[in-house]
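Listed below are the residues making up each chain.
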Amino acid sequence: MKVLRPAEEADLQPIDDGLYVYGLTLTGASWNAEECTLQDEVLGQISCQMPLMHLLPMVNPPVAPTEFLCPIYKTIVRAGTLSTTGHSTNFVMPAPLSSLYAPPEKWILNGTACFATRF
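Residues numbered from 1 in each chain as written. Predicted model: local features only at pLDDT ≥ 70, side-chain atom pairs only at ≥ 80, totals over all residues. Heavy atoms only, no water.

Student: Before we go on, may I ask you to explain unusual backbone geometry in this structure?
Tutor: A negative phi angle characterises most non-glycine residues, just as the trans form characterises most peptide bonds. The phi dihedral of Cys 36 is positive, around 50°, even though this residue is not glycine. For Cys 36, the location among the structural elements is in the loop between strand S4 (30-32) and strand S5 (37-39). Given the relative accessible area of 13%, Cys 36 is considered buried. Unlike most non-glycine residues, Asn 60 shows phi in positive territory, near 50°. (Helix = DSSP H or I, 4+ residues; strand = E, 2+ residues; numbered from the N terminus. Buried < 20%, exposed > 50% of the residue type's maximum accessible area, 1.4 Å probe, protein only.)

Student: What's the story with the nonpolar core in this structure? I'm lost.
Tutor: Generally speaking, a soluble globular protein has its nonpolar side chains buried in company with each other. Core analysis: the biggest nonpolar cluster contains 21 residues, and Leu 24, Leu 26, Trp 31, Leu 38, Met 50, Leu 97 and Cys 114 have the highest contact counts within it. Of all the secondary structure elements, the ones that give two or more residues to this core are strand S3 (24-27), strand S7 (53-55), strand S8 (67-73), strand S9 (91-98) and strand S10 (113-116). Looking at which element gives the most residues to this core, the answer is S8, with three residues. Apart from residues lying up to four places away in sequence, Met 50 is in contact with Val 3, Tyr 22, Leu 24, Leu 26, Trp 31, Leu 97 and Cys 114. (Core = buried A, V, L, I, M, F, W, Y, C linked by side-chain atoms within 4.5 Å. Contact = heavy atoms within 4.5 Å.)

Student: Help me understand the pattern of salt bridges, please; the structure alone is not making it clear to me.
Tutor: Once the charged atoms of two side chains with opposite charge are near each other, the side chains can pair. Tallying each qualifying case throughout the model produces two salt bridges. Salt-bridge contacts for Glu 8 lead to Lys 2; the nearest nitrogen and oxygen are separated by 2.8 Å. The closest approach of N and O atoms between Asp 40 and Lys 106, which form a salt bridge, is 2.3 Å. Separated by 66 residues along the polypeptide, Asp 40 in the loop between S5 and strand S6 (47-49) and Lys 106 in helix H2 (residues 104-110) bring together distant segments of the chain. Look at Asp 40 and you get partly exposed, because its relative accessible area is 45%. (Salt bridge = Lys/Arg side-chain N within 4 Å of Asp/Glu carboxyl O.)

Student: Whenever I open this one, the layout of surface pockets confuses me. Can you help?
Tutor: Picture a little ball the size of a water molecule; that probe, rolled over the atoms, points out where space is still empty. Counted as a void, the largest pocket has a volume near 300 Å³. Considering the residues around the largest pocket, the lining is formed by Met 1, Leu 55, Leu 56, Met 58, Pro 61, Pro 62, Val 63, Glu 67, Leu 69, Met 93, Pro 94 and Pro 96. Among the elements of the structure, S8 and S9 are those that each provide at least two residues to the lining of the largest pocket. Broken down by element, the residue count for the lining of the largest pocket peaks at three residues, all from S9. When grouped by side-chain class, the residues that make up the lining of the largest pocket number 11 nonpolar, no polar and one charged. (1 Å grid on protein atoms, 1.4 Å probe; cavity = no way out; pocket = protein on both sides within 12 Å on 5 of 7 lines; lining within 4 Å. Points joined across faces, edges and corners; volume = space filled by probe spheres on them. Nonpolar A, V, L, I, M, F, W, Y, C, P; charged D, E, K, R; others polar.)

Purely spatial values, then, with no claim about function.
Below you can see the structure in the form of structure tokens.
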């Protein structure tokens, strides 16, 4: 997965593999668009809009020590019912997000997550 910078969004090209995702809301942190990394929340701001993301299909993608596996949920209610496969019906996938300013454990303690705001 790659979170696009503002300049990359402005010069968007068709892709051969994967898909573009837009409409995720981030809570528990804010997104630094210039440096493409998580940072502390802006005072008084509960959530922020994530920029366009390019999702690439991979089996067991590598996760760097400076990346936080941010859970993506369908709704802001993190709880879902368990399906017959044993997975939550609300959880979508983990998204590796860059965490240059703090260890990934900080975002776990903050309850950082993304939510789909548009379908």
